[in-house]
Amino acid sequence: MTPAVIQLAAEAAERKSAEVTDWGARIAWVVGLLVFIAFVYWLMRQGWKWRGALQSGLPELPAAPGGLPEHRLALTGRYHGSTTAGQWLDRIVAHGLGVRSRVELTLTEAGLEVVRPGANDFFVPAAQLRGARLDKGIAGKVLTEGGLLVVTWAHGDTLIDSGFRSDRAAEHAAWVEGITTLVTQHSSITTEGAER
């Protein structure tokens, strides 16, 4: 071996690699990040509770009456939430209306039955239905144009938009037509009754 190679080998043996990881600093960063995530989650939870407290004046959701007439339409899909009508970002969380879930919708002459496994079921009487439309979004959920069935209904003094998505999106148009027909029929019956 040449003296230059021997010298390089000796220098390499004397040098030590710098420590790659400072474990104390890394653990501190991870703990800090976890505390920050927990704090953000806590703030979100407090905001949800606060919104629920603000909406505490909303009456309890009606349950479906026994012996509903034969259904006009039925679908399975997802419930994406409810908002104040016309304000697609003003989510309603009172009485479990803010909880997303699977859904089974049934439209009958009596109204709209909403069955949600794992969440509160409710019933919208035909007199409270105000209409339906195809839309692309509701608080926290944006889909393609026409990908969401939005049903507008009255509950107490509040008009509510509830968003649904069928497992077969092609059904949405039939639902808009079916709800519109039911609303028209019910309003004409109400008008005739008022004129008598």
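Source: prediction; values computed, not measured.

Rules behind the numbers
Residues numbered from 1 in each chain as written. Predicted model: local features only at pLDDT ≥ 70, side-chain atom pairs only at ≥ 80, totals over all residues. Heavy atoms only, no water. Helix = DSSP H or I, 4+ residues; strand = E, 2+ residues; numbered from the N terminus. Buried < 20%, exposed > 50% of the residue type's maximum accessible area, 1.4 Å probe, protein only. Contact = heavy atoms within 4.5 Å. Phe/Tyr/Trp six-rings, centres within 6.5 Å; stacked < 30°, edge-to-face > 60°. Lys NZ or Arg CZ within 6 Å of the ring centre and 35° of its normal.

Describe the overall build of the chain, naming the residues involved and giving the relevant values.
Along the backbone of the chain there are 3 helices and 10 strands. The linear arrangement of helices and strands in the chain, starting from the amino end, is α-α-β-β-β-β-β-β-β-β-β-β-α. Counting over 196 residues, the chain shows a buried share of 32%. Taking the intrachain contacts of the chain between residues at least 6 apart in sequence as the baseline, contacts between residues at least 24 apart amount to 61%.

How would you summarise the environment of alanine 174 if you had to cite specific residues and measurements?
Here alanine 174 lies in helix H3 (residues 172–195). Along the primary structure alanine 174 and leucine 73 are separated by 101 residues, whereas in three dimensions their C-alpha atoms are 8.4 Å apart.

Explain the packing of aromatic side chains residue by residue, including any values.
This structure, assessed with the given rule, holds 4 aromatic pairs. Ring centres of tyrosine 79 and phenylalanine 122 lie 6.5 Å apart, and the angle between their planes is 75°; this geometry places the pair in the edge-to-face category. A residue pair is termed long-range when its members are at least 10 positions apart, and tyrosine 79 in strand E1 (residues 71–84) and phenylalanine 122 in strand E5 (residues 122–125) qualify at 43 residues. A relative accessible area of 0% places tyrosine 79 in the buried class. For phenylalanine 122, a relative accessible area of 2% corresponds to the buried category. When the ring centre of tyrosine 79 is taken as origin, the NZ or CZ atom of arginine 116, which lies over that ring, is 4.5 Å away.

If you had to explain the environment of arginine 78 to someone new, which residues and values would you point to?
Relative to the helices and strands, arginine 78 resides in strand E1. Taking C-alpha positions, arginine 78 is 5.2 Å from valine 103, a pair spaced 25 residues apart along the chain. Contacts of arginine 78, omitting those with residues within four sequence positions, involve Arg100, Ser101, Arg102, Val103, Gly163, Phe164 and Arg165.

Note that all results are geometric; they support no functional claim without further evidence.
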